[in-house]
Amino acid sequence: MRSITCFVAVLLCLGTAASESSAICELKDVPGYSNDWITLQEIHLGCWTNFTSWDGKEVHILKLLSSPEKHSIFNFNLTAANPSVVIITSSSAHTALLLDNPAVNIYVTNGTSMTFILPNRGAQQTNLAPFANGDSELLKWAEETFGGVTSFTTAQDPIDISFTGMKGTQRPLMCELKPETQAHKQLIELTLTPPDGELKSCHTKNSGEAIHVINIPDDVKIRRVSVHLPFKSKVVLRGPADTEWTILDNHDISFLTNNLINLNEMRVPSRKTISDDPTEIRQKVLFHYNSTSITSYSEIRVNVPHIELWIRDNTSSSVPLQMQLFSSPDYRSPLDPSSKVQSDKRLYAEISSENFGGNFLTIKVTSCLVRSMPVVRNMPFKEETCYINNCPKRLSFSFEMLQDLPSSSWDLECVVKLCHDSLKFCTPETQVKRNVQVKPYIPNQNPCFEFGLSAVLGIAFGGFLIGVLLTGALWFIKIRTGHPVGLGMRSTAAELSVLSISGCPCGLTKRQPVPTHPSPSENSSANASIGSTQSTPTSSMA
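Residues numbered from 1 in each chain as written. Predicted model: local features only at pLDDT ≥ 70, side-chain atom pairs only at ≥ 80, totals over all residues. Heavy atoms only, no water.

Regarding the overall build of the protein
Part 1 of the reasoning: Summing up its helical and strand segments, the protein has 6 helices and 33 strands in all.
Part 2 of the reasoning: Here the protein, with 542 residues, has 38% of them falling under the buried criterion.
Part 3 of the reasoning: Put simply, of all contacts in the protein between residues at least 6 apart along the chain, 64% involve residues at least 24 apart.
Part 4 of the reasoning: Surface exposure of the protein reaches about 32,100 Å², of which carbon and sulfur atoms provide 55%. (Helix = DSSP H or I, 4+ residues; strand = E, 2+ residues; numbered from the N terminus. Buried < 20%, exposed > 50% of the residue type's maximum accessible area, 1.4 Å probe, protein only. Contact = heavy atoms within 4.5 Å. Areas by Shrake-Rupley, 256 points an atom, 1.4 Å probe, with all protein chains shown as cover.)

Focus on the sheet that holds strand S11 (residues 158-163)
Part 1 of the reasoning: Judged by pairing direction, the sheet is mixed, and its 5 strands sit side by side in the order S8-S6-S4-S11-S13 without closing on themselves. Two strands close off the open sheet at either side, each with one partner strand: strand S8 (114-117) and strand S13 (188-192). Adjacent strand axes in the sheet meet at a mean angle of 20 degrees when their direction is disregarded.
Part 2 of the reasoning: Sheet analysis places S11 next to S13, joined by 5 bridges and oriented antiparallel. Across the sheet, the residue bridging to Phe-163 is Ile-188, located in S13. (Pairing = 2+ DSSP bridges. Axes fitted to C-alpha atoms, helices over the stretch in contact; angles between N-to-C directions.)

Some remarks on the pattern of salt bridges
Part 1 of the reasoning: Per the counting criterion, the structure on display carries 11 salt bridges.
Part 2 of the reasoning: In this structure, the salt-bridge partner of Lys-234 is Glu-209, at a minimum N-O distance of 2.5 Å. Here Lys-234, found in strand S17 (residues 234-238), pairs with Glu-209, found in the loop between strand S14 (199-203) and strand S15 (211-215); they are 25 residues apart in sequence, far enough to count as distant.
Part 3 of the reasoning: Via salt bridges that share partners, Asp-219, Glu-299 and Arg-301 belong to a single interconnected network. (Salt bridge = Lys/Arg side-chain N within 4 Å of Asp/Glu carboxyl O.)

Looking at the sheet that holds strand S29 (residues 382-383)
The pairing of strands in a sheet happens through backbone hydrogen bonds and is either parallel or antiparallel.
Part 1 of the reasoning: The 4 strands are arranged S24-S26-S30-S29 in an open sheet whose pairing can be described as antiparallel. The open sheet is flanked by strand S24 (321-326) and S29, the only strands paired with a single partner.

Some remarks on the pairing of S14
Part 1 of the reasoning: Sheet analysis places strand S1 (residues 28-29) next to S14, joined by 2 bridges and oriented antiparallel. Paired with Asp-29 across the strands is Lys-200, a residue of S14.
Part 2 of the reasoning: Relative to strand S22 (residues 296-300), S14 runs antiparallel, the two being bridged by 5 bridges. Residue pairing for S22: Lys-200 is matched across the bridge by Glu-299.

Some words on the state of the cysteines
Part 1 of the reasoning: What the rule picks out here adds up to 4 disulfides.
Part 2 of the reasoning: What pairs with Cys-47 in a disulfide is Cys-175, and their sulfur atoms sit 1.9 Å apart. Between Cys-47 and Cys-175, the S-S dihedral sits near -100 degrees, and the bridge is therefore left-handed. Within this pair, whereas Cys-47 is found in strand S2 (residues 38-48), its partner Cys-175 is found in the loop between S11 and strand S12 (178-180), the two being separated by 128 residues in sequence. Cys-175 shares its class with Cys-47; the two are buried.
Part 3 of the reasoning: A sulfur-sulfur separation of 1.8 Å characterises the disulfide bridge that pairs Cys-386 with Cys-391. Across the disulfide from Cys-386 to Cys-391, rotation about the S-S bond amounts to roughly 100 degrees, and the bridge is consequently right-handed. (Disulfide = S-S within 2.5 Å.)

Considerations on helix H2 (residues 135-146)
Part 1 of the reasoning: Under the 1.5 Å per step criterion, the end-to-end length of H2 is 16 Å for 12 residues, consistent within 8% with the ideal 16 Å.
Part 2 of the reasoning: What H2 keeps buried is the set Leu-138, Leu-139, Trp-141, Ala-142 and Phe-146. Down the axis of H2, the smallest arc covering the buried residues is 160 degrees, so these residues share one side. Seen from the buried face of H2, the exposed residues on the opposite side, beyond 90 degrees, are Ser-136, Lys-140 and Glu-144.
Part 3 of the reasoning: Where H2 is buried, its residues meet strand S3 (58-65), strand S5 (84-90), strand S7 (104-109) and strand S9 (127-129).
Part 4 of the reasoning: Phi turns positive one or two residues past the end of H2, at Gly-147, with a value near 95 degrees. (Expected span 1.5 Å × (residues − 1). Arc of directions from axis to C-beta.)

Notes on unusual backbone geometry
Part 1 of the reasoning: At Asn-264, a residue that is not glycine, the phi angle is positive and equals roughly 55 degrees.
Part 2 of the reasoning: By the element assignment, Asn-264 lies in the loop between strand S20 (260-263) and strand S21 (266-268).
Part 3 of the reasoning: With relative accessibility at 42%, the residue Asn-264 sits in the partly exposed group.
Part 4 of the reasoning: Residues other than glycine seldom take positive phi values, yet Tyr-331 does so here, at roughly 55 degrees.
Part 5 of the reasoning: Considering the arrangement of structural elements, one finds Tyr-331 in the loop between S24 and strand S25 (340-342).
Part 6 of the reasoning: For Tyr-331, a relative accessible area of 8% corresponds to the buried category.

Points about the environment of Arg-371
Part 1 of the reasoning: Locating Arg-371 in the fold gives a position in strand S27 (residues 362-372).
Part 2 of the reasoning: Residues Arg-371 and Asp-411 lie 40 residues apart in sequence; the distance between their C-alpha atoms is 5.1 Å.
Part 3 of the reasoning: Arg-371 has contacts with Val-376, Trp-410, Asp-411 and Glu-413, leaving out every residue within four places of it along the chain.

Some remarks on a nonpolar patch on the surface
Part 1 of the reasoning: Nonpolar side chains collect at one region of the surface, where Phe-461, Phe-464, Leu-465, Val-468 and Leu-469 lie side by side and expose about 540 Å² of accessible area between them.
Part 2 of the reasoning: For Phe-464, the position within the fold is in helix H4 (residues 453-481).
Part 3 of the reasoning: Since its relative accessible area comes to 57%, Phe-464 is described here as exposed. (Patch = residues over 30% accessible without salt bridge, like charges linked within 9 Å, V, L, I, M, F, W, Y side chains within 5 Å.)

A look at the side chain of Ser-162
Part 1 of the reasoning: Tracing the sequence through the fold places Ser-162 in strand S11.
Part 2 of the reasoning: A polar contact is formed between the side chain of Ser-162 and the side chain of Asp-160, at a distance of 2.9 Å.
Part 3 of the reasoning: Not counting residues up to four positions away in its chain, the partners in contact with Ser-162 are Asn-77, Leu-187, Ile-188 and Glu-189. (Polar contact = N/O pair within 3.5 Å; in protein donor to acceptor, adjacent residues only side chain to side chain.)

The structure is reproduced here in structure tokens:
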């Protein structure tokens with residue numbers, strides 16, 4: 001009996017443990033720090049200024065980091081760099097396959113193990129910089145030696161480092177070390193070793209409200225976390241005792257935490273205690289939010305002081321989208337919703353979105369269609385060029401395919417994704433649509449030419465000029481010959497009557513033909529002449 005009781009107890013314990021673990025989900029590695037619902041990016045201190053020394057050189061400081069027990073080998077390309085001084089510092093050993101530039105002088109701090117391999121010759125000539133106890137001390141030495149610093153960049157486990165030669169525009173003159181991501185700095189291109197196993201996460205589908213849990217275990221040295229959250233989200237932000245979380249979105253957010261929270265320029269302390277044990281976290285979360293499930297659970301073991309997180313709902317983009325229509329390619333005058341678009345005219349659309357946590361997202365259009373139940377037609381589109389910064393997606397459409405369809409009201413609908421290029425993630429596909437009133441194109445059946453005011457004035461001026469020239473020619477002939485030149489006005493009028501436009505419904509009224517019978521005076525003289533001619537034979541016969 002006792003053995004049966006123990007067996008039942010063991011089964012109950014196993015069932016309880018299984019239900020507790022499955023209540024969250026099975027953790028899996030997140031390759032590249034990004035998937036459909038979470039993206040992580042390491043934040044390092046750095047700067048980028050407009051500084052150039054008195055002899056026209058830029059000054060760049062490059063701080064190299066590497067994972068424990070790992071010797072870093074990377075490509076180092078300086079061929080496109082401007083005349084520069086490059087200062088390299090690191091606490092670990094590195095080997096660089098160097099493509100050098102005679103206009104670049106390389107300094108290596110004392111105590112840094114740095115080996116350069118050149119493709120065509122021996123060792124690279126380098127200069128020695130003094131040992132610096134920290135970033136601020138190295139920055140101070142560079143400013144005192146060269147007059148200033150153009151950039152300070154940190155690279156963790158680099159694969160490729162290339163200077164682009166791009167100069168900063170409207171940058172500060174002094175280097176102040178601030179948290180930055182590589183996307184903020186275009187003068188240098190970094191390819192880093194993809195992280196492995198430092199971010200684990202899982203996601204479940206449930207019909208209730210979304211609850212996202214982020215857990216940083218106590219043995220991880222992260223102390224500052226900037227986080228972007230979906231609209232109206234419920235989150236649990238759990239970290240070591242001295243961790244600070246900064247929520248960067250001004251959304252309606254409910255949170256549970258054991259750390260200090262910075263929200264809307266307010267510091268919100270917490271007196272709660274939450275263990276880093278997933279089982280205890282699950283119990284506190286379900287009790288606090290009166291829920292039965294957790295949407296996503298993420299465990300972070302990245303050993304850097306500062307990281308930035310993006311948490312997304314996996315069911316929608318959570319970023320508002322809108323489509324604005326225009327009748328011309330200059331995109332200046334929006335089309336009124338009640339206006340009708342003629343089917344032979346091209347329609348221009350602009351799709352825009354709100355910034356996602358202060359970051360500009362690229363809009364990628366997958367497909368478009370028009371819908372007027374029950375008819376659905378695919379709508380070909382053309383992407384229009386835009387030359388302004390942070391430009392919305394611009395498209396143009398032709399509605400000729402709807403010419404013979406009876407409906408005049410159509411819903412123009414496009415499937416889009418919002419992508420963060422530097423973080424290399426895209427939101428799930430979503431739809432944006434706008435109603436369009438289409439008017440069939442009826443070609444003009446009138447075969448006549450339509451003249452505008454400018455054409456009429458041109459013809460009138462041309463006629464006047466020709467008249468002046470003809471008058472001058474006649475006057476010249478009269479002077480040279482001494483005889484007046486007569487114009488056959490009757491024949492000219494007759495010819496003009498023949499040349500008058502006929503059969504045109506929109507033309508001028510037909511000219512009446514010039515009568516060919518003589519006037520009464522001419523007729524009487526003609527009759528007299530005839531009478532005198534006929535009287536001669538009569539008199540002779542008499």
